[in-house]
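Coordinate analysis (summary)
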Amino acid sequence: MRKRSTQLLLAALVGLPVLAAAPAARAADPQKLSGMGDSISQGFSANNLPFDHPDLAFGQGTDAGVNSLYTRYKAKFPAMTKEFVSVTGAQMVGGSNNAAAQASRICAQAVKPNRVVIELGGNDVCNRSKGSATDATSNMLSVTTYRNGLKAALDLLGGCMPTGSQVLVLSMPRVDYLYEAGNAKSAFLCNTVWSLAGICRIVTAESNAGRRREIGARVDQYNEGLKQEVLAADARYTGKVDFVTDWQGSLTTSPNTSVGSYQFKSDEISTVDCFHPHKTSGQRKLACAAWEASEYGSLSNISTTCLK
């Protein structure tokens, strides 16, 4: 996370010389951005057409209406390049495009990036079957399994990225609130699309609001676990790679302070599938939140500048 030393201040207050170890290395200027993720990172359906549109994605997009993380970096550092490995359908834990597999692809790039953004996890929820009659989360991954999937990826990146790099891990949107945004957009249309296309049936086929909230609460737990893994990785790779996250708490305790605590509105999601962020509203907000979580932004600005 953002590292601060109080040693100089304490020494000054008591009039003692500073005999501490050297401070952590300053983050190197951004040179290349890579990204790991799923359909959100690929801009799927961002222009209301059912295909990948990476030019409209929050991380790697080039469309001015999105003002992506890459575009923002490039405005400050014109030589900035990008090489994303995100894949629609990817999961944090399972499959051939999981977090560790994507991290390995980044480590295999001829020119290693010194900035990486990660947005994963939605499919780990949406690909699970409906829970038991007494527990809506019974078929969902444990928090430990989810954390281990992320940890494996962070350790790969910590080992291969150059000194002075930063890895930004974004929290996961609450799928129960995406369901509600779709219902608000058009209950008949969106439920028809969800049924025909089989979109995130763990929530879209669940008629009980209380059970959908149980699923959302597990997503909060995943995001809290994500934060703990980011903190642990930051401690393991101090002085080499800086690991940060946007997650500051749940929608209940910290509303609109991160991607995971934002309640998307009906006009911010795609018309074609009623679930993915639209380019100039949803994707643009994600790009802003990612920037504010980076070293050039301020976490305190997310709720007032980006997610309002």
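Remember, predicted model here, so these are calculated numbers, not experimental data.

Tallying secondary structure elements over the chain gives ten helices and five strands in all. Relative to the 2.2 N^0.38 estimate, which gives 19 Å for 308 residues, the radius of gyration of the chain is 20 Å and therefore close to what a compact globule would have. The principal-axis extent of the C-alpha atoms belonging to the chain is close to 70 × 45 × 35 Å. Of the contacts formed within the chain by residues at least 6 apart in sequence, a portion of 71% connects residues at least 24 apart. Accessible area for the chain stands at about 12600 Å²; split by element, carbon and sulfur atoms hold 56% of it. Side-chain charges in the chain split into 31 positive and 25 negative, and the spacing between the mean points of these groups amounts to 3 Å.

Ranked by internal contacts, the top residues of the largest apolar core, which has 72 residues, are Met 36, Ile 118, Val 125, Leu 154, Leu 157, Val 167 and Phe 275. Not counting the four nearest positions on each side in its chain, Leu 154 is found in contact with Ile 118, Val 167, Val 169, Glu 229, Val 230, Ala 233, Tyr 237 and Phe 243.

With that settled, consider the environment of Thr 238. In this fold, Thr 238 is placed in the loop between α8 (209-236) and β5 (241-245). Taking the relative accessible area as the measure of exposure, Thr 238 reaches 46% and is therefore partly exposed. Expressed as a C-alpha distance, the spacing of Thr 238 and Thr 163, which sit 75 residues apart in the sequence, is 9.7 Å. Side-chain polar atoms of Thr 238 contact the backbone oxygen of Ala 235, separated by 3.2 Å.

Let's shift gears to the sheet that holds strand β1 (residues 32-37). Backbone-to-backbone hydrogen bonds pair the strands of a sheet. The strands run either parallel or antiparallel. One open sheet accounts for five strands, arranged β2-β1-β3-β4-β5; its pairing is parallel. Two strands close off the open sheet at either side, each with one partner strand: β2 (81-82) and β5. In terms of strand pairing, β1 meets β2 through two bridges, oriented parallel. In the strand pairing of β2, Lys 32 is matched with Thr 81. Along the sheet, helix α2 (residues 69-76) contacts β1, β2, β3 (115-119) and β4 (165-169); its crossing angle with β1, the most-contacted strand, is approximately 170 degrees.

Predicted confidence across the chain gives a mean pLDDT of 92, with 92% of residues reaching 70 or more. For residues 3-25, every residue scores under 50 in pLDDT, and the model assigns this stretch eleven contacts once sequence neighbours within four places are set aside.

The next subject is the pattern of salt bridges. Applying the stated criterion across every chain yields a total of eleven salt bridges. When the shortest N-O distance is used, the salt bridge between Lys 151 and Asp 155 registers 2.9 Å. Of this pair, Lys 151 and Asp 155 both sit in helix α5 (residues 143-160), separated by four residues, roughly a single helical turn. According to the relative accessible area criterion, Lys 151 is partly exposed, its value standing at 31%. Asp 155 sits in the partly exposed class, given a relative accessible area of 22%. Here Arg 213 and Asp 176 are joined by a salt bridge, their closest N and O atoms 3.1 Å apart. Taken together, the positions of Arg 213 in helix α8 and Asp 176 in helix α6 (residues 175-197) put the pair 37 residues apart, joining distant regions of the chain. Relative accessible area serves as the criterion here: at 0%, Asp 176 is assigned to the buried category.

As a further point, take unusual backbone geometry. At Cys 200, a position not held by glycine, the phi torsion is positive, near 40 degrees. Take Cys 200: it is sitting in the loop between α6 and α7 (201-204). Residues other than glycine seldom take positive phi values, yet Cys 274 does so here, at roughly 55 degrees. Along the chain, Cys 274 turns up in the loop between β5 and α9 (279-293).

Within the secondary structure, Leu 170 is located in the loop between β4 and α6. For the pair Leu 170 and Gly 260, spaced 90 residues apart in sequence, the C-alpha separation works out to 7.9 Å.

Procedures and definitions
- Residues numbered from 1 in each chain as written.
- Predicted model: local features only at pLDDT ≥ 70, side-chain atom pairs only at ≥ 80, totals over all residues.
- Heavy atoms only, no water.
- Helix = DSSP H or I, 4+ residues; strand = E, 2+ residues; numbered from the N terminus.
- Rg over C-alpha atoms; globule rule 2.2 N^0.38 Å.
- Contact = heavy atoms within 4.5 Å.
- Areas by Shrake-Rupley, 256 points an atom, 1.4 Å probe, with all protein chains shown as cover.
- Lys, Arg positive; Asp, Glu negative; His and termini not counted.
- Charge placed at Lys NZ, Arg CZ, Asp CG, Glu CD.
- Core = buried A, V, L, I, M, F, W, Y, C linked by side-chain atoms within 4.5 Å.
- Buried < 20%, exposed > 50% of the residue type's maximum accessible area, 1.4 Å probe, protein only.
- Polar contact = N/O pair within 3.5 Å; in protein donor to acceptor, adjacent residues only side chain to side chain.
- Pairing = 2+ DSSP bridges.
- Axes fitted to C-alpha atoms, helices over the stretch in contact; angles between N-to-C directions.
- pLDDT = per-residue confidence, 0-100.
- Salt bridge = Lys/Arg side-chain N within 4 Å of Asp/Glu carboxyl O.

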